[in-house]
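# Reading the structure
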Amino acid sequence: MSSTPHFLPTGTVYGSLLNFRAEVEALVPQMTQPPYKAPPKAPVLYVKTANTWSPNGSAIMVPAGVPEVEVGASIGMVIGAEGDVEGFVLMNDLSIPHASFFRPPVKFKCVDGFLGIGPVLRDAQEVADPAGFRVEVRINGELKQSLDFSQLVRPAQQLLADVGEFMTLAHGDVLMLGCGPDRPLARAGDRIDISAPGFETLSNTLVKEATA
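All of the points below concern the structure found in this document. (Residues numbered from 1 in each chain as written. Predicted model: local features only at pLDDT ≥ 70, side-chain atom pairs only at ≥ 80, totals over all residues. Heavy atoms only, no water.)

### Here we look at empty space enclosed by the protein
The probe, sized like a water molecule, is rolled over the atoms to show the empty space still left. Counted according to the given criterion, the structure contains one cavity of 30 Å³ or more. Each pocket or cavity is described by its volume, and for the largest cavity that value is around 30 Å³. The wall of the largest cavity is formed by Tyr46, Glu70, Gly72, Asp93, Ser95, Lys109, Cys179 and Arg183. Looking at the lining of the largest cavity residue by residue, the classes come out as two nonpolar, two polar and four charged. (1 Å grid on protein atoms, 1.4 Å probe; cavity = no way out; pocket = protein on both sides within 12 Å on 5 of 7 lines; lining within 4 Å. Points joined across faces, edges and corners; volume = space filled by probe spheres on them. Nonpolar A, V, L, I, M, F, W, Y, C, P; charged D, E, K, R; others polar.)

### Let's talk about the packing of aromatic side chains
Scanning the model with the defined rule gives four aromatic pairs in all. Arranged with centres 5.2 Å apart and planes meeting at 70°, the rings of Phe88 and Phe133 form a pair that is edge-to-face. With Phe88 in strand β7 (residues 85-93) and Phe133 in the loop between β9 (122-123) and β10 (134-139), this residue pair connects regions lying 45 residues apart in the sequence. Comparing Phe88 with Phe133 shows no difference in burial state: the two are buried. With centroids separated by 5.4 Å and ring planes inclined at 70°, the aromatic side chains of Phe133 and Phe199 adopt a geometry described as edge-to-face. Of this pair, Phe133 sits in the loop between β9 and β10 while Phe199 sits in the loop between β14 (191-195) and β15 (202-208), placing them 66 residues apart in sequence. The class for Phe133 is buried, based on a relative accessible area of 4%. Through pairs of rings, three or more aromatic residues link up here, namely Phe20, Phe88, Phe133, Phe149 and Phe199. (Phe/Tyr/Trp six-rings, centres within 6.5 Å; stacked < 30°, edge-to-face > 60°. Helix = DSSP H or I, 4+ residues; strand = E, 2+ residues; numbered from the N terminus. Buried < 20%, exposed > 50% of the residue type's maximum accessible area, 1.4 Å probe, protein only.)

### Section: a negative patch on the surface
Negative charge collects at one region of the surface, where Glu82, Asp84, Glu86 and Asp123 lie side by side. Checked against the element boundaries, Asp123 lands in strand β9. Judged by its relative accessible area of 37%, Asp123 falls in the partly exposed class. (Patch = residues over 30% accessible without salt bridge, like charges linked within 9 Å, V, L, I, M, F, W, Y side chains within 5 Å. Areas by Shrake-Rupley, 256 points an atom, 1.4 Å probe, with all protein chains shown as cover. Salt bridge = Lys/Arg side-chain N within 4 Å of Asp/Glu carboxyl O. Lys, Arg positive; Asp, Glu negative; His and termini not counted. Charge placed at Lys NZ, Arg CZ, Asp CG, Glu CD.)

### Considerations on the pairing of strand β4 (residues 59-62)
Here β4 shows a clear split, with Ile60 and Val62 buried on one side and none of Ala59 and Met61 buried on the other. Where β4 and β15 come together, four bridges link them in parallel fashion. Looking at the pairing, Ala59 lines up with Thr205 of β15. (Pairing = 2+ DSSP bridges.)

### Here's the deal with the sheet that holds β10
Judged by pairing direction, the sheet is mixed, and its five strands sit side by side in the order β4-β15-β14-β10-β11 without closing on themselves. Of all the strands in the sheet, the pair left with one neighbour each is β4 and β11 (142-148). If you compare each strand with its neighbour and ignore which way they point, the axes differ by 25° on average. As paired strands, β14 and β15 are joined by four bridges and run antiparallel to one another. The residue bridging Arg191 from the neighbouring strand is Thr205, located in β15. (Axes fitted to C-alpha atoms, helices over the stretch in contact; angles between N-to-C directions.)

### Some remarks on the nonpolar core
If you look at the biggest cluster of nonpolar residues, it comprises 41 residues, and the most contacted ones within it are Ile75, Met77, Phe88, Val135, Phe149, Leu177 and Ile194. Breaking this core down by element, the ones donating at least two residues are β4, β6 (73-79), β7, β10, α3 (156-164), β14 and β15. In contact with Ile75, not counting residues within four places along its chain, are Phe88, Val89, Leu90, Phe133, Val135, Phe149, Leu175, Met176, Leu177 and Phe199. Core analysis: the second largest hydrophobic core is formed by nine residues, Phe7, Val13, Val78 and Leu115 among them. (Core = buried A, V, L, I, M, F, W, Y, C linked by side-chain atoms within 4.5 Å. Contact = heavy atoms within 4.5 Å.)

### As for the environment of Met77
For Met77, the location among the structural elements is in strand β6. The class of Met77 is buried, set by a relative accessible area of 0%. Taking C-alpha positions, Met77 is 8.7 Å from Ala124, a pair spaced 47 residues apart along the chain. Discounting chain neighbours no more than four positions away, the residues touching Met77 are Val85, Gly87, Phe88, Ala156, Leu159, Leu160, Asp173, Val174, Leu175 and Leu177.

Right, dumping it as structure tokens:
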């Protein structure tokens, strides 16, 4: 483990929905129903507010009455001073399971501590092509999910460009590439490890909220 301080964002963290092809394919029948009637044409973003940020190695509290949480393994692009990509970082975008996919309810996505953040920023200069990223999720040491980032609807640079069509990302902001379908579930007491070649592993343990 590196002796450098844990990386934490200095700007806003944005999540991306529906950016894995299999995720879109699974939801196409719902997208064609009212009120939407068609898949979205622009990136679908949401904010992971600063109260959600949990450094690598920290315990993340699961609210009382919530039996399980969704593990949302992702990689975040950290925006540089020129609007380019400064680096990449592993992220665990936790969520209380819910049915909404176009407008994720804040109360399910922005629970205190619900964004594990990898320990070290990987310099973008080291990355030949983000499509080569391969991420694995282990819960209590058991492999639960594998993600192949060549399967994105919008590859990293296209996502960045498409988001730039309607908003400006500032230096220090983080834009996640998305989470895949079939996200594993975890509960209090579980250890979640998210790993990828070239990255230091992101590890967090879920703990139960103390009740009075």
